[in-house]
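Chain residues, written in single-letter form:
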Amino acid sequence: MYSDVRKLVADAQAAIGHQTEVPGSDASAASKLVLFHSPTSVCSEKCRTVLFELNLPFTSHAVNILAHDNYHPAYVALRVAAWQQSGLPMAGESDYEWTGSSSVAANGVDCCVVPTLVDMRGDGEPKIVIDSSAICEHLMAGTGLLPADPHKAAIIEKHIKLVDEVPHPALLYEGNSVHDNRPWFAKVMIGKAHSGQIAALKKRLAEKGKTWDDPLLERAYKAKVNKTKKGLAAPSKPTYLTAAVDKTMSVLKELEADLAAHDADGGSSYVSGDSITAADLFQAVNLHRLLLLGNSWMWQDLPHVAAFADRMLSRPSIQKAVITYPGMIPSRPTADLITKDQGFIAGFIHGRRVDFLNSLVFVMRLIGMA
Ligand SMILES: N[C@@H](CCC(=O)N[C@@H](CS)C(=O)NCC(=O)O)C(=O)O
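Please read these numbers as outputs of a predicted model, since none were measured by experiment. (Residues numbered from 1 in each chain as written. Predicted model: local features only at pLDDT ≥ 70, side-chain atom pairs only at ≥ 80, totals over all residues.)

(A) Geometry of the overall build of the protein chain. Within the protein chain, the secondary structure is distributed over 17 helices and five strands. Here the C-alpha atoms of the protein chain give a radius of gyration of 20 Å, agreeing with the 21 Å that 2.2 N^0.38 yields for 370 residues. Once the C-alpha set of the protein chain is aligned to its principal axes, its extents read approximately 60 × 55 × 45 Å. The buried share among the 370 residues of the protein chain stands at 43%. The contacts in the protein chain between residues at least 6 apart in sequence include a share of 74% that link residues at least 24 apart. (Helix = DSSP H or I, 4+ residues; strand = E, 2+ residues; numbered from the N terminus. Rg over C-alpha atoms; globule rule 2.2 N^0.38 Å. Buried ≥ 20, exposed ≤ 12 C-beta atoms within 10 Å, placed from the backbone. Contact = placed C-beta atoms within 7 Å.)

Pasting the structure below:
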């Protein structure tokens, strides 16, 4: 039923809007690689990092996931078309346990999320790629970020999977059981996120026959409601958050071990040896997210991870795609990072954005809007 892929892409682009070409001015090259993403989404950060690292011009559509623009029928239809071809289960349709990670391997495909890549390079049909790991692997194929050497490839695959399994949503939505250092405004606002998502999805479902009329879209919205309900119910399980912290720590310990192994080999800076690969970029995005949420205590006893974080978070692609990307969630630990790399004024301004959002949310709470 989704035979005209170019029309699907054009409809989704028109529906989402917020279009810009990045980086540079090669509009013709940029028009062939289209990324639907959100400034605040960790999965989107991975894709942007790879695009900036490879210096690939792309068309950016910044999807406002806080306003639930990712539930627009034209955007969901694009992902449904890719899901149909994937042969994977749809997230929310089977009986699995929500562990707080958004991994497709664990949950299936969610047709209502970012990021989505459309690759229109070449003469054939546009290729719609969903899932951040798949998008990055698609972009990195044949580059030095995914080396062919089997030993390195195995380490890189392991880290791609490990980062995918980190329960970022659990740590963002619920904080963590050991130290909840999330920015205050985020704690207040995010607490209502799952119920807001369910309400927005139900509103879309109620529009069936008015603004859309496609059984596959109905299926995608219903599956997303089920998946989101799992997320809403998960924290009532006493071990949910401790398991999320334990899982994250186990990923960091694995990173520490791989970095230490190469140090013994002669002081390499990277996860799989002497050159930067996908493993380093993915782990850097992971570390930045943990830092932003106030979790750098997690690597206080992991010296190789600490040194790696210092190096990788100064890398230009990470700076541009993640740390200073317009619309990124501000936080005090990130302000410190910006002060270190870009100077006092830049860090000071970032810190004031935290103050501004805290004050705004405080006032919204006073008048019953938050
Ligand atoms: N496994 C997917 C997960 C995608 C995902 O969960 N995206 C989140 C942001 S990181 C999202 O769009 N959330 C908005 C929502 O669920 O409404 C990937 O890596 O691309």
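(B) Geometry of the domain arrangement of the protein chain. For the protein chain, the assigned domains read domain 1 (5-140), domain 2 (150-327) and domain 3 (330-370). On the side of domain 3, 12 residues touch domain 2, which itself brings 14 residues to the contact. By residue number, the principal contributor to the side of domain 2 that touches domain 3 is helix α9 (residues 184-190), which donates four residues. Of the residues that constitute the side of domain 2 that touches domain 3, the class distribution is nine nonpolar, five polar and no charged. (Domains from an automatic or database assignment. Nonpolar A, V, L, I, M, F, W, Y, C, P; charged D, E, K, R; others polar.)

(C) How the structure looks around the UniProt feature "domain: GST N-terminal" (unreviewed entry) in the protein chain. Per the UniProt record, the feature "domain: GST N-terminal" (unreviewed entry) sits at residues 31-147. For residues 31-147, helix accounts for 33% and strand for 15%, while the C-alpha atoms at its two ends are 28 Å apart. (UniProt positions renumbered as here; feature names shortened; annotations may be inferred.)

(D) The arrangement of the packing of helix α1 (residues 5-16) against helix α4 (residues 73-86) in detail. Where α1 meets α4, the closest approach of the two axes is 8 Å, and the angle between their N-to-C directions is 145°. As α1 runs across α4, the sense of the crossing is left-handed. Between α1 and α4, the contacting residues are V5, L8, V9, D11, A12, A15 and I16 on the first element and A74, Y75, A77, L78 and A81 on the second. (Axes fitted to C-alpha atoms, helices over the stretch in contact; angles between N-to-C directions. Left-handed = near helix turned anticlockwise from the far one by under 90°.)

(E) Spatial organisation of helix α11 (residues 215-233). Look at α11: 27 Å from first C-alpha to last across 19 residues, which is about the 27 Å you get at 1.5 Å a residue. For α11, the set of buried residues is L217, A220, Y221, A223, K224, K227, T228 and G231. Each buried residue of α11 lies within a common arc of 165° when the element is viewed along its axis, so the set occupies one face. Seen from the buried face of α11, the exposed residues on the opposite side, beyond 90 degrees, are P215 and A233. (Expected span 1.5 Å × (residues − 1). Arc of directions from axis to C-beta.)

(F) Structural context of the nonpolar core. Ranked by internal contacts, the top residues of the largest apolar core, which has 96 residues, are V76, L78, V80, C111, A220, A278 and L313. Composition of this core by domain shows at least three residues from each of domain 1 (5-140) and domain 2 (150-327). Once residues within four sequence positions are removed from consideration, L313 is found in contact with A284, L287, H288, I318, I323 and L337. (Core = buried A, V, L, I, M, F, W, Y, C linked by C-beta atoms within 7 Å.)

(G) Molecular detail of unusual backbone geometry. Residue P115 is bonded to the preceding V114 through a cis peptide linkage, with omega at 5°. Here P115 shows up in the loop between α5 (104-107) and β4 (116-119). The backbone phi angle of H18 is positive, close to 45°, even though this residue is not glycine. Assignment of secondary structure puts H18 in the loop between α1 and β1 (19-22). The phi torsion at H68 lies on the positive side, around 65°, for a residue other than glycine. Its location among the elements puts H68 in the loop between β3 (58-62) and α4. Assessed through the 17 C-beta atoms surrounding it within 10 Å, H68 is described here as partly exposed.

(H) Summary view of the site of the ligand. Around the ligand, a shell composed of 16 residues is seen, among which S41, C43, S102, V113 and S132 lie nearest. Of the residues belonging to the shell around the ligand, the class tally is eight nonpolar, six polar and two charged. (Near = placed C-beta within 6 Å.)

(I) Structural view of the environment of P57. For P57, the location among the structural elements is in the loop between α3 (42-53) and β3. Remark: the alpha-carbon pair of P57 and D26, spanning 31 residues in sequence, is separated by 6.7 Å.

(J) Molecular detail of α3. End to end, α3 covers 16 Å across 12 residues, agreeing with the expected 16 Å (1.5 Å per residue, within 8%). Burial of α3 is extensive: 12 of the 12 residues sit out of reach of the surface. The complete set of buried residues in α3 reads V42, C43, S44, E45, K46, C47, R48, T49, V50, L51, F52 and E53. Count one or two residues on from α3 and you reach N55, which has phi positive near 55°.

(K) A look at the pairing of β4. In the sheet, strand β2 (residues 33-37) pairs with β4 via four bridges, with the strands oriented antiparallel. Bridging from a neighbouring strand, F36 pairs with T116 of β4. One ladder, built from four bridges, connects β4 with strand β5 (residues 127-130); its direction is antiparallel. Residue D119 lies in a different strand from β5, and its bridge partner there is K127. (Pairing = 2+ DSSP bridges.)

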